[in-house]
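A look at the structure
Residues per chain are reported as follows:
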Amino acid sequence: MRTIFVLTNLFLALTAMADAVVEESPIVAFVIPAGRPDETECRKLVKTINDVGFDQFLVYPSTGLDYEYLGEDFFKMVGTFFDEAKRRGMHTWLYDEFNWPSGTARGRVPAENEKCLYRELVAYTNAVGEFEWDVVVSRGINVDNYCLDTNNLEPESARRFMELTHHAYEKRFSPYMGTLIRGIFTDEPGHCSSRWRLKMPCGTILRLPYWSGMEEEYRLASGGRDFREDAAAALKSGKAFEAEVFRLWTDLRSRRYRKTFFDPITAWCSRQGIVSTGHLVGENDPHGCAVANGSPLHTLKGLQKPGIDLITSNTDYYYEWLTLAFGQSAAIANNTTGMVELFGLGPCDLTFTIMRKLYWICALHRLDTYFQAVYHHRAYRFNIKDTWAMFTSPTQPWFGEMPLLHAAAKEAARWAKKPFVCDIAVIYPQRIAGACGLMNRAACPDLAGLCRDLTWNQFTYRLIEEDEATTLPVVLEWNGRTLVERRSGEKFKSNAAAIAWLEAKFALRPRVMDADGRTRRGFVTRAYTDGSAVAVDAATGEVIVATDGKLVPHPSVKAVRDLVKNGDRVELTLSGPSRRRMWFWTAKADAQREGDSWLKRTDKVEMTPRYPKDNMLKLTVTAPLKCVKFVLRRYPADKTYAVTMDGKPLAFPKPCTSVAYAFDELYAETEPMVLSAGEHVFELTGGKDGKMFLPVMWMVGDFSEPREGVLSPKVDTAPLGSLAAVGYPSFAGTATYRMNVTLKAGERLAVDSGGAVVRARLGGCDLGVRGWAPFVWDVPASLVGKEQPLEIDVITSIRPIFGDERSPDAKLDHALWVAPSLDNPSKVGLRSVFTVQGEL
């Protein structure tokens, strides 16, 4: 028996009607306004994103915005954004908080009402070994929102939150609801980071989120039993993680969460004609997600357009495959499609290949709306939040090529709406996960691991709740920690055994196979009811679309002949100056850097001082450099940085125009100067360097850096290779390479750009732009057989201007969640120019 998941006929009809009018880009710009943007700025920003293909955006109130949140000036700004969007035929989304998590109205809810503060019920043993209970109230600050944490399980909290936020939007923008405004985004309302710092009684053995009436709800649900007595008995048993009391608590927490927070928001959205959307916290961690959200699937289904958060992009075996399955399954249950928040942590040198790959992987999981982080209007936010540094804005040199990504996202999103074939249900052990999250995480069934193995072996599956009915032919569930197939009673000692059993059962399913007929691991695959199939290579981003269901990888591109020989130099023109980050030694940060998750154990961090004291750096100049400028940070206003060069103070009298969009306003620069040959010593006073994405100082000019710390005048030719390898590690922009070539009949032009966006012009003819493999162009017959001028534009990311985080001088004063670079050193540049033949 084969089971097919389809969207409701009404939804498909409405989608088809919308597509018939105009196919909007499904990428939603995540716009962070900063400072006090006036009407002109707001309208210009909307024009900027619309000009590169965005049809919708979300205004994200966040750190760096100086207007009072939910004040009149704030709503005037939002209204200007909306008015310009309406004028341009765009759509918008509301965001329901300042920063995140949602539910506090930037701290007003918990500040106004003691009952709205986050709290936990705690069990501990006293001096004589007896159980005692206490309710601990959080008065600590949420590290993401810089305010008290609210308890969204209390009706008073959610009610006041909606009065301050949703009803305020309704009062001012009611005519836009359901027309201009598509929906409202709620962001991790269960994320109470202050719980990590709650001071617990000595001997604490149990702590769980608490709400008024919890124990009475337990009594009613359990047939009159007492929660504390049942919990104490479970704790004494030594197997509390198996106790029904904590499983029932997990279920009650979810139902309470739905009733007090999600359901009222969704009901309000229905009245406004918009959709509720957003995501939970801890999606890829079943036990953490259950403690924070109750039964995760039940909770997420409270949103009309369920969503997920994918803040990283390394789609290897250990990626968030459970998160993707979670969003897909909630969307299926709600007979709709879902959304995803993408790329929050970047890194900011993400390639178009990676972004396109994520659109497709999300589309195969029924997610058709892509909230793309982030459009930084000004870089104020990096003074505090220095990790979230993905730029989808004019800061990026490639921003003008966004139409490529919009086209890719449109193509992918069409598949999100198509009905696909699914034969496997996986029971999400929500209540077990909640109990294990409270008492013993190691005892939790490995749901994330099973999702990884199913996805990696090209199986399509759906997560369902414990008591949810299903007609799917295969149902995988856990008996304790043993994986069992419900229909047959088959038991599996490992995930590998389950995969082998499924391979035999579904041997004829569409999938990518090796030459020996085995499933090729690492592809995300879907088969559709019309006989078509799609597979995405999680490593390379290759997308295989087969209308006949036969998934065959594209042939690899093989060079026929090189058009430029190894070692030959070609003309190189850079679109602007190098912008070299001036790292000032800050010794205190070594221990923190060693703790960074991205710093491998084999990497060496220099512990001995590079210079006689902190806040120094040295540069060696091989020949005089003309028209050099230095750029110094003037933000925040209470920072009074000053720099000396060779013992003499540098003056910064001019407003900065030399760095990048969103950054210039925060800096001042020197007059252009000649930097003489020799060694130069710089000293910083007034503070320390160390913010990865908000440097204290840049050096700007037409120079090369053949070795770290050694600067030379820029040259007009270079061999093929990465920009870093040929002396331009801090260049960000468009590097144009010029040469003369002769192509033969039947040959195509091909390049290796290290993954960067490339535009090619041959004989004055624009051949077009490429953002992902194959980086190949057909050549007009009129240009074949004779020598032609060839120009190749390699368009970098903005990443190089922030410096090498592994430099001995790069002493960061905080830990980063992920490495800020895909490759270090960067591979970007014109690495080879060659020809290929045959069909691609």
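Below is a summary of the structure that appears in this document. (Residues numbered from 1 in each chain as written. Predicted model: local features only at pLDDT ≥ 70, side-chain atom pairs only at ≥ 80, totals over all residues. Heavy atoms only, no water.)

1. Some thoughts on the packing of helix H16 (residues 447–456) against helix H17 (residues 495–505)
H17 packs onto H16 with a crossing angle of 35° between their chain directions and a minimal axis gap of 10 Å. Where H16 crosses over H17, the handedness of that crossing is right-handed. Only Asn 495, Ile 499 and Leu 502 of H17 make contact with H16, whose side of the interface consists of Gly 449, Leu 450, Asp 453 and Leu 454. Among the residues forming the contact of H16 with H17, the class breakdown is four nonpolar, two polar and one charged. (Axes fitted to C-alpha atoms, helices over the stretch in contact; angles between N-to-C directions. Helix = DSSP H or I, 4+ residues; strand = E, 2+ residues; numbered from the N terminus. Left-handed = near helix turned anticlockwise from the far one by under 90°. Contact = heavy atoms within 4.5 Å. Nonpolar A, V, L, I, M, F, W, Y, C, P; charged D, E, K, R; others polar.)

2. As for the pattern of salt bridges
Counted under the stated rule, the structure contains 58 salt bridges. Residues Glu 112 and Arg 160 are paired through a salt bridge, measuring 2.7 Å at the closest nitrogen-oxygen approach. Of this pair, Glu 112 sits in helix H4 (residues 108–112) while Arg 160 sits in helix H5 (residues 155–164), and the two are 48 residues apart along the sequence. Where Glu 468 meets Lys 301, a salt bridge forms, and the shortest distance between an N and an O atom there is 4.0 Å. Taken together, the positions of Glu 468 in the loop between strand S15 (461–464) and strand S16 (474–479) and Lys 301 in the loop between helix H11 (296–300) and strand S10 (305–310) put the pair 167 residues apart, joining distant regions of the chain. By sharing partners, the salt bridges in this structure join Glu 39, Arg 43, Asp 83, Glu 84, Arg 87 and Arg 88 into a single network. (Salt bridge = Lys/Arg side-chain N within 4 Å of Asp/Glu carboxyl O.)

3. Comments concerning the pairing of strand S4 (residues 91–95)
Counted residue by residue, S4 has five buried out of five residues, so it is predominantly covered. Neither face of S4 is open: one carries His 91, Trp 93 and Tyr 95, the other Thr 92 and Leu 94, and all of them are buried. One ladder, built from three bridges, connects strand S3 (residues 56–59) with S4; its direction is parallel. Opposite Phe 57, over in S4, you have Thr 92 as the bridge partner. Once you follow S3 into helix H3 (residues 72–87) and on to S4, the crossover reads as right-handed. Inspection of the sheet shows S4 paired to strand S7 (residues 181–187) by four bridges, in the parallel sense. Within S7, the residue paired with Trp 93 across the bridge is Gly 183. (Buried < 20%, exposed > 50% of the residue type's maximum accessible area, 1.4 Å probe, protein only. Pairing = 2+ DSSP bridges. Right-handed = clockwise from strand over helix to strand, strands pointing away.)

4. Things to note about the side chain of Glu 805
Summarising the element assignment, Glu 805 is placed in the loop between strand S42 (788–795) and strand S43 (832–836). On the accessibility criterion, Glu 805 (1% relative accessible area) is buried. One polar contact links Glu 805 to Arg 799, side chain to side chain, over a distance of 2.6 Å. Among the polar contacts made by the side chain of Glu 805, one reaches the side chain of Asn 824 at a distance of 3.4 Å. (Polar contact = N/O pair within 3.5 Å; in protein donor to acceptor, adjacent residues only side chain to side chain.)

5. Quick word on the packing of helix H6 (residues 166–173) against helix H9 (residues 244–272)
Between two packed helices, what matters for the description is the angle formed by their axes and the separation of those axes. Running from amino to carboxyl end, H6 crosses H9 at an angle of 10°, the nearest separation of the two axes being 11 Å. The angle between H6 and H9 falls in the class roughly parallel. Across from His 166, His 167 and Glu 170 in H6, the residues of H9 making contact are Ile 265, Trp 268 and Gln 272. When the residues that make up the contact of H6 with H9 are grouped by side-chain class, the tally is two nonpolar, three polar and one charged. (Parallel < 35°, antiparallel > 145°, perpendicular 65-115°, else oblique.)

6. Observations concerning the packing of aromatic side chains
The description of an aromatic ring pair rests on the distance of the ring centres and on the angle between the ring planes. Scanning the model with the defined rule gives 51 aromatic pairs in all. Here Phe 30 and Phe 185 contribute two aromatic rings whose centre-to-centre distance is 5.8 Å and whose plane-to-plane angle is 80°, an arrangement assigned as edge-to-face. Remark: Phe 185 occurs in strand S7 and Phe 30 occurs in strand S2 (residues 27–32); sequence separation between them is 155 residues. Among the residues examined, Phe 30 registers a relative accessible area of 2% and is labelled buried. When the ring of Tyr 375 is compared with that of Tyr 661, the centres are 5.8 Å apart and the planes differ by 80°; the resulting orientation is edge-to-face. In this pair, Tyr 375 sits in strand S12 (residues 367–376) while Tyr 661 sits in the loop between strand S29 (654–655) and strand S30 (667–669), placing the two residues 286 residues apart along the sequence. Each member of the aromatic cluster is reached from another via a ring pair, and the members are Tyr 69, Phe 74, Phe 75, Phe 82, Phe 98, Tyr 169, Phe 173 and Tyr 176. Against the face of Phe 98 rests Arg 106, its NZ or CZ located 3.6 Å from the ring centre. (Phe/Tyr/Trp six-rings, centres within 6.5 Å; stacked < 30°, edge-to-face > 60°. Lys NZ or Arg CZ within 6 Å of the ring centre and 35° of its normal.)

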